[in-house]
Structures are given as C-alpha cells and as structure tokens.
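# An overview of the molecular structure
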Amino acid sequence: MESRKPLIAGTWKMHKTCPEAVETARVLAGMTTDVEGADIMIAPPFPALAPVAEALAGSRIGLGSQNLHWEKQGAYTGEVSADMLVSAGCSYVIIGHSERRHIFGETDESVNKKTRAALAAQLTPVLCVGETESERDAGKTFSILDKQVQKGLNNVNLDAASPLIVAYEPVWAIGTGRTATADQAEEAHAHIRRLLAQQLGRNMADTVRILYGGSVKPENIAELMARDDIDGALVGGASLDADTFSRLIHY
Ligand code: PGA
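Rules used in this analysis
- Residues numbered from 1 in each chain as written.
- Predicted model: local features only at pLDDT ≥ 70, side-chain atom pairs only at ≥ 80, totals over all residues.
- Heavy atoms only, no water.
- Pairing = 2+ DSSP bridges.
- Helix = DSSP H or I, 4+ residues; strand = E, 2+ residues; numbered from the N terminus.
- Axes fitted to C-alpha atoms, helices over the stretch in contact; angles between N-to-C directions.
- Contact = heavy atoms within 4.5 Å.
- Near = heavy atom within 4 Å.
- Polar contact = N/O pair within 3.5 Å; in protein donor to acceptor, adjacent residues only side chain to side chain.
- Areas by Shrake-Rupley, 256 points an atom, 1.4 Å probe, with all protein chains shown as cover.
- Nonpolar A, V, L, I, M, F, W, Y, C, P; charged D, E, K, R; others polar.
- Buried < 20%, exposed > 50% of the residue type's maximum accessible area, 1.4 Å probe, protein only.
- Phe/Tyr/Trp six-rings, centres within 6.5 Å; stacked < 30°, edge-to-face > 60°.
- Lys NZ or Arg CZ within 6 Å of the ring centre and 35° of its normal.
- Parallel < 35°, antiparallel > 145°, perpendicular 65-115°, else oblique.
- Left-handed = near helix turned anticlockwise from the far one by under 90°.

## Quick notes on the sheet that holds strand S3 (residues 61-65)
Sheet architecture is closed into a barrel: eight strands sit in the order S1-S2-S3-S4-S5-S6-S7-S8, paired in parallel fashion. On average, adjacent strands in this sheet sit at an angle of 25 degrees to one another, irrespective of strand direction. Note that strand S7 (residues 209-213) and strand S8 (residues 232-235) share two bridges and pair parallel. Bridged to Tyr212 within S8 is Ala233. In the packing of helix H2 (residues 49-56) onto the sheet, the strands contacted are strand S2 (39-43) and S3, and the crossing angle to S3 comes to about 170 degrees.

Set out below in structure tokens:
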C-alpha cells in the first residue's frame, strides 16, 4: 500500500492582523519542533503571508495562501498571482474553498484555471470539493464530487514534481460543529480517489493526499485519520489558537 505522509493544514480565513498572525505562527512553530510524522501548513490572510513566512523560517510549518488569481500579472485590481505568492514564501495554495464558491461566486472553471496556474508556478494546490446539505439530502453527493473533481482537474497534467492535494469539505460540516462521521468521510474520500484514478491514472491517484475538512477538532481527528483514504485535515476554527491546533497536530 502507498504511504502518504499526513498533512495537517490550518486556514485562518479572514482572522488575525499581521502582529496576531506572526505571534500565533511563532508560538505554533515552537510547539511543533518534534513533529516528524506529518506535514503542517498554515494559511494566513494575504497581508500576513510575508511576515509569517519570516516567523516560520527554520520551522516544520509550510505556508499556504487561501486564494490566487490565474493570470501572471496585469490590470486585475485586488488580485494576487501565483508568482507573488511564491515570492512571499508560499508553497501551498487553497483553491475553490466552499466560501469562495458560495460567497464569491467561484465556478469549477475558475477553480480549474487557478489549479493549473498554481501547478505552473510550483505551488501545491489544495483543491476543495464538497456537497451542500441539500445536495447530500437529495442523494447527490457523489455526482457533485464527480463534477467538481472532473472539471477542477480538466487538462491538469501532474507528475511527481507537481503534487496535488484534494480537500473533501462537506459544506454542512464547515464551521457548524457538525463533523462528518468517519464512515461518511471515508466513503467520500474513497470515491474521490476512484475519480482521481480515472482522471490521472492509478499510480498518480495513490500519491494524492485527500484531506478532510469541516469541524475538525482535537477530539475527533484521530478517528478520522485512522481511515485509509483520509490523509490529513484542513482545519478552520480549531487552527486559530496555537495550543488547540498543536494538540490537533499531535493527535
Ligand atoms: P472549520 O472550517 O474547521 O471551522 O469547520 C474548515 C474549513 O473551512 O476549511
């Protein structure tokens, strides 16, 4: 069986000023010097990326962005390119988070452009997919995942040097305190891996880390991580406090 190193990723969404972000990053770096069995990533808001990169120098924590634009540069007021993120110290970028899809109108097409731009700049995309509550209730979970994975990865060419991460985040579990059960998550992850095998080939699909996101807490992470196709977590609320996030990383 393949061995995929777990990734525990935190996204701070629109929380923390620069000094607050730097302080949390510094404390977290100090609390995670012993972590060897998992990769760690934090994704602060844009203004904090460069100062947090400095605070993380020499630590075990990688830096991620919460979004990017697919063009390299130009008259795109308010947008940030992949090369800019790399120059600020990022090695990961979260793409297609459900808040971006539902609040800011991102589509599978823009998600696909962003994924290709990230890979071209050697940023590891964390491609987020997941169904809403009404889609789950209507029995559409798998068909939604089919569409989001297939369109999101349309014409994406991966090789060993261009890693991809997928995050399964059921929308009904994000910020609600209602975590998917380990059975529900594993069923969705296994389905996503089958889709990846169809689209990218079995060997590549086996290397892709699939994270679970949605109300992950120190109390429920071990049960989730015990499942074969759950290779890590994307954590919102419980990543804001260094102590809580460190407990979660040390699950
Ligand atoms: P949550 O957010 O952990 O606060 O539910 C997860 C996410 O949005 O990625």
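Alright, that's what it looks like, and here's the rest.
## Brief notes about the site of the ligand
The full set close to the ligand counts 13 residues, and Lys13, His97, Glu169, Gly175 and Ser215 are the nearest of them. Interatomic distance of 2.7 Å between a side-chain N/O atom of Lys13 and an oxygen atom of the ligand. Between an oxygen atom of the ligand and a main-chain N or O atom of Gly236, the distance comes to 2.8 Å. Contact with the protein chains covers 95% of the free accessible surface of the ligand, which is 280 Å². Classifying every residue of the shell around the ligand by side-chain character gives four nonpolar, seven polar and two charged.

## As for unusual backbone geometry
Despite not being glycine, Lys16 has its phi angle at roughly 85 degrees, a positive value. With respect to the element layout, Lys16 can be found in the loop between strand S1 (7-11) and helix H1 (18-31). Given the relative accessible area of 23%, Lys16 is considered partly exposed. Despite not being glycine, Ser215 has its phi angle at roughly 60 degrees, a positive value.

## A word on the packing of aromatic side chains
Counted under the stated rule, the structure contains one aromatic pair. In this structure, Lys16 packs its charged tip against the face of Trp12, placed 5.2 Å from the ring centre.

## Thoughts on the packing of H1 against H2
The contact between H1 and H2 brings their axes to 9 Å, and the two run at 25 degrees. Taken together, the axes of H1 and H2 lie roughly parallel to each other. Between H1 and H2 the crossing geometry is right-handed. Here Cys18, Ala21, Val22, Ala25 and Ala29 of H1 come into contact with H2, specifically with Pro51, Val52, Ala55 and Leu56.

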